[in-house]
Amino acid sequence: MPQKKPLVVVTRKLPDVIETRMMELFDTKLNLDDHPLSKAELIEAVRQADVLVPTITDRIDAVIMSQAGPNLKLIANFGTGVDHIDLASARSRGISVTNTPGVLTEDTADMTMAMILAAARRLGEGERLMRAGTWAGWSPTFMLGHRIWGKRLGIVGMGRIGQAVARRAKAFGMSIHYHNRKRVHPDIETELEATYWESLDQMLARMDVITIHCPHTPATFHLLSARRLKLLPPHAYVVNTARGEIVDENALTRMLARGELAGAALDVFEHEPAVNPKLVELDNVVLLPHLGSATLEGRVDMGEKVIINIKTFADGHNPPDRVLASML
Ligand code: 8YV
């Protein structure tokens, strides 16, 4: 007898090909107008669903989790970071959580490289000036940025994305430094000619550019605190494509405004979609609306991963991308 299809509730609009395939495979509830779900709608979703497919815009905290119906057995997150999901509550209720690792590595690394260049070479400022129609013409000392060739890049978090950034940055002539909970395999260090710093503080004090690629967990909240940001040399740039919460955004803003740092390029913010209004006023900051993994190809690959995780789970197997206990 054919198995009953699981009721899958998808909280945001996904690429058409993914939604179509989900409709074929599962009893799927889509969000056609893509509005971010309210708390009440999210509660309704966890009450009904066998499988919930949330995104970063859904805060699935202990309160929402406490409303989950008995059928909810899988949260198949559309995205890699799972800091918006209360994993401890999920675990205590026997709800599995999966994510979409690997498929957004190269896109996020491309964006990081673009942002390193954008900050150091003043791309945002130049673009704004052209659009304002205020360019008075070339001059030898006009809008000078800084060369990245030969500079030191400090990577905070040397997982898949950190390593993909390191490969690109090495090709741009930067020397690679990193801090990670665990030192990476010696072969990777050799390939990247990377220097490991056990002490984040010591690394920060010596870098020209810092880029963040660790997950946001209780242990990494404000990892770049006011105290640590002060360790950076004043000519340094800070790049963040990971999570806003890892950097003390107010402290960073204050330092940028006072000229205590050269600049920053930020794709993520502490209170998305809100951005500290003082950041918006600063010329030496590149601001992007969480575009790190925003390619059509990447979003389709993420959707495919979600489908594989649900299908494997529904067929009674362990889904491939279960979130590890170490994330807790
Ligand atoms: C995703 C991300 O777009 O995957 C992640 O962790 O930060 C983003 O690139 C987003 O999470 C989708 O839910």
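Remember, predicted model here, so these are calculated numbers, not experimental data.

A. Fine view of the nonpolar core. Judged by nonpolar contacts, the single largest core of 29 residues is most densely connected at Ile-210, Ile-212, Leu-229, Leu-232, Leu-252, Leu-256 and Leu-261. Of all the secondary structure elements, the ones that give two or more residues to this core are α9 (200-204), β9 (209-212), α11 (249-257) and β11 (263-266). Tallying contributions element by element places α11 first for this core, with four residues. Listed in part, the 28 residues of the second largest apolar core include Ile-148, Ala-164, Leu-192 and Tyr-237.

B. Molecular detail of the layout of surface pockets. Roughly 490 Å³ of volume is contained in the second largest pocket. Broken down by class, the residue content of the lining of the second largest pocket amounts to eight nonpolar, five polar and eight charged. A domain split of the lining of the second largest pocket shows at least three residues from each of domain 1 (7-103 + 295-327) and domain 2 (105-287).

C. Spatial organisation of the pattern of salt bridges. This model, assessed by the stated rule, comprises 18 salt bridges. Where Glu-125 meets Arg-122, a salt bridge forms, and the shortest distance between an N and an O atom there is 2.9 Å. Look at Glu-125 and you get buried, because its relative accessible area is 15%. Note on Arg-122: relative accessible area 26%, which makes it partly exposed. Its salt-bridge partner being Asp-201, residue Arg-228 comes within 2.6 Å of it at the nearest N-O pair. Linking Arg-228 in helix α10 (residues 226-229) with Asp-201 in helix α9, this pair joins segments that are 27 residues apart in sequence.

D. Summary view of the sheet that holds β11. Overall, parallel pairing links the seven strands, which are arranged β8-β7-β6-β9-β10-β11-β12 in an open sheet. Whereas interior strands pair on both sides, the edge strands pair on one side only; in this sheet they are β8 (195-196) and β12 (285-287). Where strand β10 (residues 237-240) meets β11, four bridges bridge the pair, whose relative direction is parallel. Bridge pairing links Val-239 to Ala-265 in β11. This element, helix α5 (residues 105-120), spans β6 (152-156), β9, β10, β11 and β12 of the sheet and lies at about 150° to β10. Here α11 sits on the sheet and contacts β10, β11 and β12; the angle it forms with β11, its principal contact strand, is near 140°.

E. Inspection of the packing of aromatic side chains at higher detail. What the rule picks out here adds up to one aromatic pair. Judged by centre distance (5.1 Å) and plane angle (45°), the rings of Tyr-178 and Tyr-196 are tilted. Here Tyr-178, found in strand β7 (residues 175-179), pairs with Tyr-196, found in strand β8; they are 18 residues apart in sequence, far enough to count as distant. Tyr-178 sits in the buried class, given a relative accessible area of 0%.

F. Broad picture of the pairing of β11. In β11, alternate side chains face the same way, and those of Gly-263 and Ala-265 on one face and Ala-264 and Leu-266 on the other are all buried. Once the chain exits β10 it traverses α11 before rejoining the sheet at β11, and the crossover so formed is right-handed. As defined by bridge partners, β11 adjoins β12 across three bridges and the pair is classed as parallel. Directly across from Ala-265, in β12, lies its bridge partner Val-286.

G. Quick peek at the sheet that holds strand β5 (residues 96-98). Taken in spatial order, the five strands line up as β2-β1-β3-β4-β5 in an open sheet, and their pairing is parallel. The sheet is open, and its two edges are formed by β2 (27-29) and β5, each paired on a single side. Neighbour-to-neighbour, the strand axes of the sheet open up by a mean angle of 20°, direction not taken into account. Here strand β3 (residues 51-53) pairs with strand β4 (residues 74-76) via two bridges, running parallel.

H. Here's a closer look at empty space enclosed by the protein. Under the definition given, this model contains one cavity of 30 Å³ or more. Computed from the structure, the largest cavity encloses a volume of approximately 50 Å³. Asn-240, Gly-244, Val-247, Glu-249, Leu-252, Leu-266, Val-268 and Phe-269 are the residues that line the largest cavity. Considered class by class, the residues forming the lining of the largest cavity number five nonpolar, two polar and one charged.

I. Quick peek at the site of the ligand. Close to the ligand lie Thr-55, Ile-56, Phe-78, Gly-79, Thr-80, Gly-81, Leu-104, Arg-243, His-290, Ser-293 and Arg-299. In the environment of the ligand, an oxygen atom lies 2.6 Å from a nitrogen or oxygen atom belonging to the backbone of Phe-78. Within the side chain of Arg-243, a nitrogen or oxygen atom sits 2.7 Å from an oxygen atom of the ligand. Within the complex, the protein chains bury 88% of what would otherwise be the 330 Å² of accessible surface of the ligand.

The rules we used
- Residues numbered from 1 in each chain as written.
- Predicted model: local features only at pLDDT ≥ 70, side-chain atom pairs only at ≥ 80, totals over all residues.
- Heavy atoms only, no water.
- Core = buried A, V, L, I, M, F, W, Y, C linked by side-chain atoms within 4.5 Å.
- Buried < 20%, exposed > 50% of the residue type's maximum accessible area, 1.4 Å probe, protein only.
- Helix = DSSP H or I, 4+ residues; strand = E, 2+ residues; numbered from the N terminus.
- 1 Å grid on protein atoms, 1.4 Å probe; cavity = no way out; pocket = protein on both sides within 12 Å on 5 of 7 lines; lining within 4 Å.
- Points joined across faces, edges and corners; volume = space filled by probe spheres on them.
- Nonpolar A, V, L, I, M, F, W, Y, C, P; charged D, E, K, R; others polar.
- Domains from an automatic or database assignment.
- Salt bridge = Lys/Arg side-chain N within 4 Å of Asp/Glu carboxyl O.
- Pairing = 2+ DSSP bridges.
- Contact = heavy atoms within 4.5 Å.
- Axes fitted to C-alpha atoms, helices over the stretch in contact; angles between N-to-C directions.
- Phe/Tyr/Trp six-rings, centres within 6.5 Å; stacked < 30°, edge-to-face > 60°.
- Right-handed = clockwise from strand over helix to strand, strands pointing away.
- Near = heavy atom within 4 Å.
- Polar contact = N/O pair within 3.5 Å; in protein donor to acceptor, adjacent residues only side chain to side chain.
- Areas by Shrake-Rupley, 256 points an atom, 1.4 Å probe, with all protein chains shown as cover.

Read these as geometric descriptors, not functional statements.
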